[in-house]
2 protein chains.
Amino acid sequence: MAKKDMKITLSSGSEPLTFTGQNPHGHAVQLSGNQSAASPMEAVLMAVAGCSAIDIELLLDKMRQPLDKLEVEVLGERVDDVPAVFHTITIHYKIFGDVKDAKAQKAVDMSIEKYCSVSQMLQASVKIIHSYEVLASK
Amino acid sequence: MAKKDMKITLSSGSEPLTFTGQNPHGHAVQLSGNQSAASPMEAVLMAVAGCSAIDIELLLDKMRQPLDKLEVEVLGERVDDVPAVFHTITIHYKIFGDVKDAKAQKAVDMSIEKYCSVSQMLQASVKIIHSYEVLASK
């Protein structure tokens, strides 16, 4: 196993259709098939949002832009078939802070087009649309 | 938004590079870029495991097989490039219970080849390998 490779385990919970994923550090994620926790498909949307949010935070920091907070809204639209894969994922970034619009746009575009490994993998089969707005801090 | 479509939000946490994803029911998933929670790429592995674990539990139930517990081990191997996407995901299912081997194999194969929407989306760009074993209950 190369250093950057990743290993996780997932185990049944005490209730039907509930599962706990765990990484080697013991960090857990609850998933379920009965709305008692996030569903695996919702976790995919969270992973895309999280992946690019990390990029954007790092890129704005390198650009010396004072980011106060990021909020990401993601819509996953599914095909009317089995399996009900996403055909389109629409991501909207709300960038709070005294951040220059051109820098925000650059960070968002660089993440989705270059750095975010989750969106890069999904883009082979899913259309990913993104937008952003810069807002005064809450 | 069609009924089966999905919406999530993700927001910055109080520490740098930490984020909380949330579904409309308020179920939360912690993600981070600094090992203080699962990483987004680990969440993708958990989502594949969870998606197929749900299928396998449902399928074995339909087949009247007494499943006691599922454990799923997943290895994600990444390319040596930016973005460090997975080139191969290897999934091993440990099926605990008095489950017939042929039924276990059928459930696992049906999930990966037909039902699991997360693996179907990833298969466009990632090689997915799976195996299973049936074990006496712990």
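Just above, that's the structure.
Given the structure is predicted, the values throughout are model-derived calculations rather than measurements.

Basis of the calculations
- Residues numbered from 1 in each chain as written.
- Chains lettered and ligands numbered in written order.
- Predicted model: local features only at pLDDT ≥ 70, side-chain atom pairs only at ≥ 80, totals over all residues.
- Heavy atoms only, no water.
- Pairing = 2+ DSSP bridges.
- Helix = DSSP H or I, 4+ residues; strand = E, 2+ residues; numbered from the N terminus.
- Axes fitted to C-alpha atoms, helices over the stretch in contact; angles between N-to-C directions.
- Contact = heavy atoms within 4.5 Å.
- Core = buried A, V, L, I, M, F, W, Y, C linked by side-chain atoms within 4.5 Å.
- Buried < 20%, exposed > 50% of the residue type's maximum accessible area, 1.4 Å probe, protein only.
- Expected span 1.5 Å × (residues − 1).
- Arc of directions from axis to C-beta.
- Disulfide = S-S within 2.5 Å.
- Buried area = accessible area lost by both parts, 1.4 Å probe.
- Polar contact = N/O pair within 3.5 Å; in protein donor to acceptor, adjacent residues only side chain to side chain.

Engineer: I'm lost on the sheet that holds strand 4 (residues 67–78) of chain A in this one. Help?
Structural biologist: Adjacent strands of a sheet form backbone hydrogen bonds with each other and so pair up, either parallel or antiparallel. Here we have 6 strands laid out as an open sheet, ordered 6(A)-5(A)-4(A)-1(B)-2(B)-3(B), and mixed in their pairing. Two strands in the sheet have a free side with no partner beyond their single neighbour: strand 6 (127–135) of chain A together with strand 3 (28–32) of chain B. Mean inter-strand twist for the sheet, computed between neighbouring axes without regard to direction, equals 20 degrees. Direction of pairing for strand 2 (residues 18–22) of chain B relative to strand 3 of chain B: antiparallel, over a ladder of 5 bridges. Bridge pairing links T18 of chain B to S32 of chain B in strand 3 of chain B. Here helix 2 (residues 101–115) of chain A sits on the sheet and contacts strand 5 (86–97) and strand 6 of chain A; the angle it forms with strand 6 of chain A, its principal contact strand, is near 155 degrees.

Engineer: What is the right way to look at the nonpolar core in this model?
Structural biologist: Across soluble globular proteins, you tend to see nonpolar side chains buried next to one another. By size, the foremost hydrophobic cluster in this structure holds 86 residues, and its most contacted members are L122 of chain A together with L122 of chain B. Ignoring anything within four residues of it in the chain, the contact list for L122 of chain B reads M121 and L122 of chain A together with V44, V48, I89 and I128 of chain B.

Engineer: For this particular structure, what's the right way to read helix 2 (residues 101–115) of chain B?
Structural biologist: Turn by turn, an α-helix covers 3.6 residues, leaving residues three or four places apart pointing in a common direction. Residues and elements named next belong to chain B. A rise of 1.5 Å per residue sets the reference length of helix 2, with its 15 residues, at 21 Å; its end C-alpha atoms lie 20 Å apart and thus fit the reference within 8%. Of the residues making up helix 2, those classed as buried are A104, A107, V108, S111 and I112. The buried residues of helix 2 occupy an angular sector of 115 degrees when the element is viewed end-on, so they sit on one face. What points out from helix 2, more than 90 degrees from its buried face, is the exposed set A102 and E113.

Engineer: I'm lost on the state of the cysteines in this one. Help?
Structural biologist: Here, disulfide denotes a covalent bond that connects the sulfur atoms of two cysteines. Residues and elements named next belong to chain A. Scanning the entire structure with this criterion turns up 2 disulfides over all chains. The side chain of C51 participates in a disulfide bridge whose partner is C116; the two sulfur atoms lie 2.3 Å from each other. Taken as a pair, C51 in helix 1 (residues 40–62) and C116 in the loop between helix 2 and helix 3 (117–122) lie far apart in primary sequence, 65 residues in all. Each of the two residues, C51 as well as C116, counts as buried.

Engineer: Help me out: how do you make sense of the sheet that holds strand 5 (residues 86–97) of chain B in this one?
Structural biologist: Spatially, the 6 strands line up as an open sheet ordered 3(A)-2(A)-1(A)-4(B)-5(B)-6(B), and their pairing is mixed. Unpaired on one side and paired on the other, strand 3 (28–32) of chain A together with strand 6 (127–135) of chain B mark the two borders of the sheet. Going across the sheet, the axis of each strand differs from the next one's by a mean of 20 degrees, ignoring polarity. Examined bridge by bridge, strand 4 (residues 67–78) of chain B and strand 5 of chain B share 11 bridges and lie antiparallel to one another. The residue of strand 5 of chain B that forms the bridge with E77 of chain B is T88 of chain B.

Engineer: Even after reading the chapter, I still don't get the interface of chain B and chain A, so can you show me in this structure?
Structural biologist: Interface size, as often reported, equals the accessible area lost upon joining of the parts. Facing 71 residues of chain B, the contacting portion of chain A comprises 71 residues. For the chain B and chain A pair, buried surface summed over both sides reaches about 6,000 Å², with 69% attributable to carbon and sulfur atoms. Its largest share of buried area at the contact with chain A, chain B owes to M6, M46 and M121 of chain B, together 14% of the area lost on that side. Linking chain B with chain A are 22 residue pairs in polar contact (both at pLDDT 80 or more), by the criterion used here.

Engineer: Sorry, what's going on with the pairing of strand 4 of chain A here?
Structural biologist: Along any regular strand the residues' side chains alternate between the sheet's two faces. The sheet contact formed by strand 4 of chain A and strand 1 (residues 6–12) of chain B spans 6 bridges and is antiparallel. Considered in strand 1 of chain B, the bridge of E71 of chain A is made with S11 of chain B.

Engineer: When you look at the environment of A43 of chain A in this model, what are you seeing that I'm missing?
Structural biologist: Residue placement: A43 of chain A occurs in helix 1. Here A43 of chain A falls in the buried class, since its relative accessible area comes to 3%. Between the C-alpha atom of A43 of chain A and that of L58 of chain A, which follows or precedes it by 15 residues, the distance is 22 Å. Sequence-distant contacts of A43 of chain A, that is, excluding residues within four places in its chain, are made with L31 of chain A together with A47 of chain B.

Engineer: Before we go on, may I ask you to explain the side chain of S119 of chain A in this structure?
Structural biologist: Residue and element names in this part refer to chain A. Mapped onto the fold, S119 is located in helix 3. Look at S119 and you get buried, because its relative accessible area is 0%. If near-sequence neighbours (up to four positions away) are discounted, S119 is found in contact with V48, S111, I112 and I128.

Coordinates in, geometry out; function isn't part of it.
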